[in-house]
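# Architecture at a glance
Each chain, letter by letter, is given below.
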Amino acid sequence: MGLLRAAGVVYKPVEQLDLGPDSNEIYVEADIKAPRMGGLLAKIFAWILESRIFGALAFYILKRLNRVHKFISNATVEEPPMFVPLHPYVDLDEQEVIEIDSDASPAERVQQAMNCLPLTSENSLDAFKFSCFRRWTIADYSRAYRNGEITPLKIAERFIDAVHESSSRPLSIAFFINYDAEDILRQATESTLRYERGAPISALDGVPIAVKDEIDCSPYPTTGGTKWLHKVRPCTGDACCVARLRSCGAILVGKTNMHELGATPSGINPHYGPPRNPYDPSRISGGSSSGSAAVVCAGLCPAALGVDGGGSVRMPASLSGVVGFKPTFGRIPHSGVLPLNWTVGMVGVLAGTLEDAFIVYAAISGHLPSHEPTTLPPKIHFPLLNSTNPISNIKLAIYGEWFNDCNEEIRLCCSNAVQLLCERYNWKTVEVTIPELEVMRLAHYVTIGSECSTALSSHLENLGRSEFGWDARVVVDIYGAFNSNEYIKAQKLRYRHMQIHNKIFAKADVIVTPTTGMTAYSISKNALTTGELDYVNGGTIIRYQIAGNFLGLPAITVPVGYDKAGLPIGLQFIGKPWSEPTLMHLAFAMQALCITDYRKPKVFYDILGKK
């Protein structure tokens, strides 16, 4: 196809890029050329891609139409490749933080996190008369257990009843792929006995925490949302992050539903059902950590673990109206997580509040196992959220054309939230230009696709594609079409974009964006059996996510409002490497300004408060 070769971009040196507000760098909008496909159309498309006659031509056309050839394959990039986004630790001299002993146990880190939170009342549950909707927090569970108002065993029984009830609704929520009532009750009984002895392990003791089915958690298989992966990769124990939660006494309540192999942002799984959005069960909860977002949103757990390879924690958190936090690459141990995208994926936390995300983060962070890649071990700092001196002189970088590339309701809601934050704390916005964002999205797609395809290659040889849902089958076919030249070019672009973002961070503390370009869309009937390929809506949802994964940057989303249909809207802060404390300070401040306006989901289980 040499005669049809598309001309590639010649990228000029980063030093010549103008990143100021008056830059002549053009904002390139996503121009995704792919129809929405589900049902029979998805099957036909898969057959075309797998055809010896038409497959190669189809891949060529897709790459050309979607500008992969222009921006990646045939581009000239002078920068060296950056294969793993490992950042040397730099002491950022952040405000209102405390350094944590690197040898502290998970339970000790949880206690230190609790010491960083504002003091809360020791009143009983009956004394809480909320004037607005409020989710029960980890601190609420811990207080109720210590006061003897309820036991972890009673909470476990209520939890199991709620999961049963959710499955019998007209629209089943499909929270879990696997949960074991007997194992949950066993853990809860052990926790109850510890409280009766007056010896709980930590504030997490007896608190229900769910785990995305991409993370090993005994006694469950790890399916990755498939019907087959657990058969060829047995789960032999807990992932490191799960083991740390278990050591704190948390009750691991099961494996949450997810999009098969994390393939698209919708979260719809044709094998286990769609984890529906508790704010409107006819709509998606977002993927791929869809079940984790839904269980937190619906009140079944104050927090859950997810894995964020392309916004897969932050997108569902935003669409489901909860907090989603992805730390710096290398901050959380990755051992025991399915190796589907090892240079862009990170364990993250979904929680009802920033405080709960912080507590779970405290439990699972820390030194990495010796076999995991790292630079010098980074220091651990916690934010002093109980400080009477709010952090000051914060500069929020905003790229106007990118920030506004969302629907009007999201634009207005997020703009108002930023304005409110700046007025309350006297922080400043800094107008910047972040060039080549669409290039970065494509480079990330080539990277995550190549890594996933490589991870699955041996299994595909043995199994073929018959075990896949049709949407995941198409995605895996596309992933396998990327070649070594494209992968290397993508890694060169990773290094390039890290330099661009370093220049942005020299001007500002964080980058602020909407979390998604649209709110949750409706679940199509034909997606229930085949899954769904919707690259246009998917591209809109993922628009603001890529830097966090491709460049290994920490990022957090916090709910800031709702659209006219009552669907949640999130605001995202993207930080410098290792700046988790500053991000949590900002999210905590934003939450404080918005929390009185939070709305109760249509599907909600008052696990702690009901009689």
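Computed from a predicted model, the values in this text were never measured in an experiment. (Residues numbered from 1 in each chain as written. Predicted model: local features only at pLDDT ≥ 70, side-chain atom pairs only at ≥ 80, totals over all residues. Heavy atoms only, no water.)

## What to know about helix α6 (residues 152–167)
- Taking 1.5 Å as the rise per residue, α6 with 16 residues should run 22 Å; its terminal C-alpha atoms sit 23 Å apart, in good agreement.
- Here α6 has its buried residues at Pro152, Ile155, Ala156, Arg158, Phe159, Ile160, Ala162, Val163 and Ser166.
- The elements touched by buried residues of α6 are α5 (138–146), β3 (176–178), α7 (181–196), β4 (208–212) and β5 (251–256). (Helix = DSSP H or I, 4+ residues; strand = E, 2+ residues; numbered from the N terminus. Expected span 1.5 Å × (residues − 1). Buried < 20%, exposed > 50% of the residue type's maximum accessible area, 1.4 Å probe, protein only. Contact = heavy atoms within 4.5 Å.)

## Focus: the pairing of strand β16 (residues 555–562)
- For β16, a buried count of 8 out of 8 residues is recorded, marking the element as mostly surrounded by other parts of the structure.
- The sheet contact formed by strand β9 (residues 323–326) and β16 spans 3 bridges and is antiparallel. The partner of phenylalanine 325 across the bridge, within β16, is isoleucine 556.
- From the end of β16 to the start of strand β17 (residues 568–575), which pair antiparallel, there are 5 residues, and glycine 566 there has a positive phi angle of about 80°. (Pairing = 2+ DSSP bridges.)

## Quick word on the side chain of arginine 473
- Locating arginine 473 in the fold gives a position in helix α16 (residues 470–479).
- Apart from the residues lying within four places of it in its own chain, the contact partners of arginine 473 are Ala46, Trp47, Glu50, Arg465, Ser466 and Phe468.

## Observations concerning the pairing of strand β10 (residues 346–351)
- Among the 6 residues of β10, 6 are classified as buried, and the element is accordingly described as predominantly covered.
- Neither face of β10 is open: one carries Met346, Gly348 and Leu350, the other Val347, Val349 and Ala351, and all of them are buried.
- Here 6 bridges tie strand β8 (residues 303–308) to β10, and the two strands are oriented antiparallel to one another. Paired with alanine 303 across the two strands is alanine 351, which belongs to β10.

## Describing the nonpolar core
- Formed by 200 residues in total, the largest nonpolar core has its most connected members in Leu204, Leu300, Leu396, Val560 and Phe573.
- Element by element, the count of residues in this core is highest for helix α15 (residues 437–463), at 11 residues. (Core = buried A, V, L, I, M, F, W, Y, C linked by side-chain atoms within 4.5 Å.)

## Description of a negative patch on the surface
- A contiguous patch of negative charge, built from Asp91, Asp93, Glu99, Asp101, Asp103 and Glu108, is present on the exposed surface.
- Tracing the chain through its elements places glutamate 108 in helix α4 (residues 106–115).
- Classification of glutamate 108 as partly exposed rests on a relative accessible area of 44%. (Patch = residues over 30% accessible without salt bridge, like charges linked within 9 Å, V, L, I, M, F, W, Y side chains within 5 Å. Areas by Shrake-Rupley, 256 points an atom, 1.4 Å probe, with all protein chains shown as cover. Salt bridge = Lys/Arg side-chain N within 4 Å of Asp/Glu carboxyl O. Lys, Arg positive; Asp, Glu negative; His and termini not counted. Charge placed at Lys NZ, Arg CZ, Asp CG, Glu CD.)

## Regarding the domain arrangement of the protein
- On domain assignment, one finds that the protein holds domain 1 (14–84 + 437–491) and domain 2 (103–119 + 132–381 + 394–429 + 503–528 + 545–597).
- Distance between the C-alpha centres of domain 1 and domain 2: 27 Å.
- Contact with domain 1, which involves 36 residues of that partner, is made by 36 residues of domain 2.
- Taken over both partners, the interface formed by domain 1 and domain 2 buries close to 3,000 Å², and the fraction arising from carbon and sulfur atoms is 68%.
- At the junction of domain 1 with domain 2, the criterion picks out 0 salt bridges.
- Between the two partners, domain 1 and domain 2, sit 12 residue pairs in polar contact (both at pLDDT 80 or more).
- The element best represented in the side of domain 1 that touches domain 2 is α15, accounting for 14 residues.
- Broken down by class, the residue content of the side of domain 1 that touches domain 2 amounts to 21 nonpolar, 7 polar and 8 charged. (Domains from an automatic or database assignment. Buried area = accessible area lost by both parts, 1.4 Å probe. Polar contact = N/O pair within 3.5 Å; in protein donor to acceptor, adjacent residues only side chain to side chain. Nonpolar A, V, L, I, M, F, W, Y, C, P; charged D, E, K, R; others polar.)

## Structural notes on the packing of aromatic side chains
- By the definition in use, this model includes 17 aromatic pairs.
- Plain terms: the ring middles of tyrosine 27 and tyrosine 399 are 5.7 Å apart, the flat faces sit at 85° to each other, and that makes the pair edge-to-face. Of the two residues, tyrosine 27 is situated in the segment before β1 (37–38) and tyrosine 399 in the loop between β12 (395–398) and α13 (400–403); the sequence distance between them amounts to 372 residues.
- You can call tyrosine 27 buried: its relative accessible area is 13%.
- We classify tyrosine 399 as buried; its relative accessible area is 4%.
- Where tyrosine 425 meets tryptophan 427, the ring centres are 4.9 Å apart and the plane angle is 20°; that geometry is what we call stacked. (Phe/Tyr/Trp six-rings, centres within 6.5 Å; stacked < 30°, edge-to-face > 60°.)

## A word on the side chain of threonine 530
- Following the sequence through the fold, threonine 530 ends up in helix α18 (residues 527–530).
- Of note is the side chain of threonine 530, whose polar atom sits 3.1 Å from the backbone oxygen of asparagine 526.
- Every residue in contact with threonine 530, bar those within four places of it in the chain, is listed here: Gly38, Gly39, Lys43, Pro270, Gly469, Trp470 and Asp471.

## Details of a nonpolar patch on the surface
- Residues Leu40, Ile44, Trp47, Ile48, Ile53 and Phe54 make up a contiguous nonpolar surface patch of about 630 Å² in total accessible area.
- Within the secondary structure layout, isoleucine 53 lies in the loop between α1 (39–49) and α2 (55–65).
- In this structure isoleucine 53 comes out as exposed when scored by relative accessible area, which is 67%.

## Considerations on the sheet that holds β8
- An order of β3-β5-β4-β8-β10-β9-β16-β17-β14-β12-β13 is seen for the 11 strands of this open sheet, with the pairing classed as mixed. Whereas interior strands pair on both sides, the edge strands pair on one side only; in this sheet they are β3 and β13 (428–431). Pairwise comparison of adjacent strand axes, ignoring direction, gives a mean angle of 35° for this sheet.
- The pairing of β16 with β17 spans 7 bridges and is classified as antiparallel. Along β17, the bridge assignment pairs proline 559 with glycine 570.
- Packed on one face of the sheet, helix α17 (residues 484–505) meets β12, β14 (510–514) and β17 and runs near 105° to β14. (Axes fitted to C-alpha atoms, helices over the stretch in contact; angles between N-to-C directions.)

## Things to note about the pattern of salt bridges
- Within the structure shown, the criterion is met by 24 salt bridges.
- A salt bridge links arginine 67 to glutamate 438, with the nearest nitrogen and oxygen atoms 3.6 Å apart. Highlighted residues: arginine 67 in the loop between α2 and α3 (68–73) and glutamate 438 in helix α15, separated in sequence by 371 residues. Side by side, arginine 67 and glutamate 438 carry an identical accessibility label, which is buried.
- Residue arginine 411 is joined to glutamate 408 by a salt bridge in which the shortest nitrogen-to-oxygen separation is 2.6 Å. Of the two residues, arginine 411 and glutamate 408 are both situated in helix α14 (residues 408–425); the distance of 3 residues between them amounts to about one turn of the helix.
- A cluster of three or more residues bridged by salt bridges with shared partners is formed by Arg67, Glu438 and Arg441.

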